[in-house]
Amino acid sequence: MPKGVYLDNAASTSLDPRAGAAMRLYETIHYANPSSVHAEGKIAAQALERARETIAHKIRAKAHEIIFTSGATESDNLAVKGVVGAAGGRKKHIITSQIEHAAVLEPMKELEAQGFKVTYLAVNKEGLVDPNDVRKNITRHTLLVSIMHANNEIGTIQPIEEIGKICKEKGVLFHTDAAQSFAKVPIDVNRMCIDVLSMSAHKIHGPKGVGALYVRAGTPLKAQMSGGGQEFGFRAGTQNVAGAVGFTKAAEELKQKDIDRMASLRDYAIKHLLSIPHTRLNGSSTRRLCNNVNILFEGVPSGELLMHLDHARIAVSTGSACSSLDIKASHVLTALGESADEAHAAIRFSLSKFTTKEEVKYAISKTAQAVDAIRRAHNF
Ligand SMILES: *Cc1c(COP(=O)(O)O)cnc(C)c1O
């Protein structure tokens, strides 16, 4: 973002230049179809397999358990509908949470319309699912549990390992949407007992329109796209080789030092924003994504604050990008027990590894000014 402060990295990030450079090679030189048998095809196929191995390694999976997709939306749809499709209607109960991304909630609604029973687990004030609630709601009809790893609006990281162990013990498949956590929070699909896991490239400085789905070997999954049988038959269509290469490069280039730096900038931002009177932190203070800051400003209509910050060329969000244009209260904040009061602004500031302390300081000072001006105008 030229000449502005971009703090909406939970919605999308800039492409890491090293990912861009790696992609260019497979768009302009080695552009052959990876399914072709000639030498050029093999070069593309080898690049795709290296990408698969790298993504697999990041989550302690095996290369043949990674399916490249067009992003986390497709991965979530394939996970939920694919598990249901393979079960052939034998079990018709699914457990999820009230704070999932639309890419999980919408497929759930479709399944309800088809006669499935879906349990939407409530969360506590910090946005945490209680693993005991998962256990209590599993019946002999339960096919799948789908609980996200980290929430896109409030950054809360769920107790995925406890939930996974319960699912394994009960013989229920476990899917997690890791679009926000992949490459930021350590993931071990075996230790965490995860059967299916969704990832997206553009949340970690990879390109838009690429993602992956981890499917534990032997998990029954029905393809949602038919065609040439690519991706082990789970996802037909010529693979986006350059996209997979860029995704992989971006994941490799997100280092522990970047995560530590983001976490300390996050803590700096939270501390200073909370020093503005009548503010609260949404989400958990301890189980929190390294780049998420979500603050509630009492007596400040969100649209007004967003507009003030936009005028100062600061890009933030009121929640998820997908719902920022509709006026109804965020389903995530509602689930935390926040009233749907229009006169409270919840603003998400999401950082990236390229965010500087100067940018954060600028955003804090402009936010403090705007909040003060808006409150005075409303006689708060
Ligand atoms: C961004 C996001 C998605 C959607 O990913 P796309 O790659 O944009 O389709 C799904 N779930 C969560 C939690 C996300 O943050």
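What comes next is a walk through the structure. Predicted model, so just to flag it, every value in this text is computed and none were measured. Sequence order as written defines the numbering, with residues in each chain counted from 1. Predicted model: local features are reported for residues with pLDDT of at least 70 only, side-chain atom pairs are reported and counted for 80 or more only, and whole-chain, interface and lining totals are derived from all residues. The side-chain quantities take in all heavy atoms of the structure and omit both hydrogens and water.

This next bit is on the site of the ligand. Note on definitions. A residue lies near a molecule or strand when any single heavy atom of the residue is within 4 Å of it. Surrounding the ligand, one finds 13 residues, the nearest of these being Thr73, Asp177, Gln180, Ser200 and Lys203. Distance and chemistry together define a polar contact, namely a pair of N or O atoms within 3.5 Å, with one atom able to donate a hydrogen and the other to accept it when in protein, and with adjacent residues in sequence counting only for side-chain atoms on both sides. Here an oxygen atom of the ligand and a backbone polar atom of Ala72 are 2.9 Å apart. At 2.6 Å, a side-chain N or O of Thr73 approaches an oxygen atom of the ligand. Throughout, the Shrake-Rupley method with a 1.4 Å probe supplies accessible areas, and for residues the shown protein chains are the sole cover considered. Look at the ligand: alone it shows 380 Å² of surface, and the protein chains cover 88% of it. Working definition: helices are DSSP H or I runs of at least four residues, strands are E runs of at least two. Numbering for both runs from the N terminus. Ranked by residue count, the leading element in the shell around the ligand is helix 3 (residues 72-87), at 3 residues. The classification used treats Ala, Val, Leu, Ile, Met, Phe, Trp, Tyr, Cys and Pro as nonpolar, Asp, Glu, Lys and Arg as charged, and all other residues, Gly among them, as polar. Residues belonging to the shell around the ligand are distributed by class as follows: 3 nonpolar, 7 polar and 3 charged.

Time to look at the sheet that holds strand 10 (residues 292-298). Whether two strands pair depends on DSSP finding at least two bridges between them. Spatially, the 3 strands line up as an open sheet ordered 9-10-12, and their pairing is antiparallel. Only two strands of the sheet have a single partner each, and these edge strands are strand 9 (279-281) and strand 12 (344-350). Each adjacent strand pair in this sheet contributes to an overall mean axis angle of 25°, direction not counted. Pairing of strand 10 with strand 12 involves 7 bridges; the strand directions are antiparallel. Within strand 12, the position partnered with Asn292 by the bridge is Ser350. Along the sheet, helix 8 (residues 256-274) contacts strand 9, strand 10 and strand 12; its crossing angle with strand 10, the most-contacted strand, is approximately 5°. Axis definition: a line fitted to C-alpha atoms, limited for helices to the stretch in contact. Angles are taken between N-to-C directions and run from 0 to 180 degrees. Here, two residues are considered to be in contact whenever any of their heavy atoms come within 4.5 Å of each other.

It is worth spelling out the packing of aromatic side chains at this point. Here the aromatic set is Phe, Tyr and Trp, taking the six-membered ring for Trp, and pairing holds for ring centres within 6.5 Å; pairs whose planes are under 30 degrees apart are stacked, those over 60 apart are edge-to-face, and all others are tilted. Counting across every chain of the model gives 1 aromatic pair. Judged by centre distance (5.7 Å) and plane angle (65°), the ring pair of Phe182 and Phe247 falls under edge-to-face. Pair noted here: Phe182 is in the loop between strand 6 (173-177) and strand 7 (196-200) and Phe247 is in helix 7 (residues 241-252), with a separation of 65 residues, a long-range link. Per-residue accessibility, obtained with a 1.4 Å probe over protein chains only, is compared with the maximum for each type, and a residue is labelled buried under 20%, exposed over 50%, and partly exposed between these values. A residue is classified by how much of its surface remains accessible, and Phe247, at 0% relative accessible area, is buried. One residue, Lys92, lies across the ring of Phe116, its end atom 5.0 Å from the ring centre. Two limits define a charge over a ring: the Lys NZ or Arg CZ must be within 6 Å of the ring centre, and within 35 degrees of the ring normal. Note that Lys357 overlies the ring of Tyr268, its terminal NZ or CZ placed 4.3 Å from the centroid.

The next subject is the pairing of strand 3 (residues 93-97). The buried fraction of strand 3 amounts to 5 of the 5 residues, a majority that puts the element mostly inside the structure. A two-sided burial pattern is seen for strand 3, the buried positions comprising His93, Ile95 and Ser97 on one face and Ile94 and Thr96 on the other. Examined bridge by bridge, strand 3 and strand 4 (residues 117-121) share 5 bridges and lie parallel to one another. Directly across from Thr96, in strand 4, lies its bridge partner Tyr120. Following the backbone out of strand 3, through helix 4 (residues 102-113) and into the adjacent parallel strand 4, one traces a crossover that is right-handed. Orienting the strands away from the viewer, one traces the path from the first strand over the helix to the second; a clockwise path indicates a right-handed crossover.

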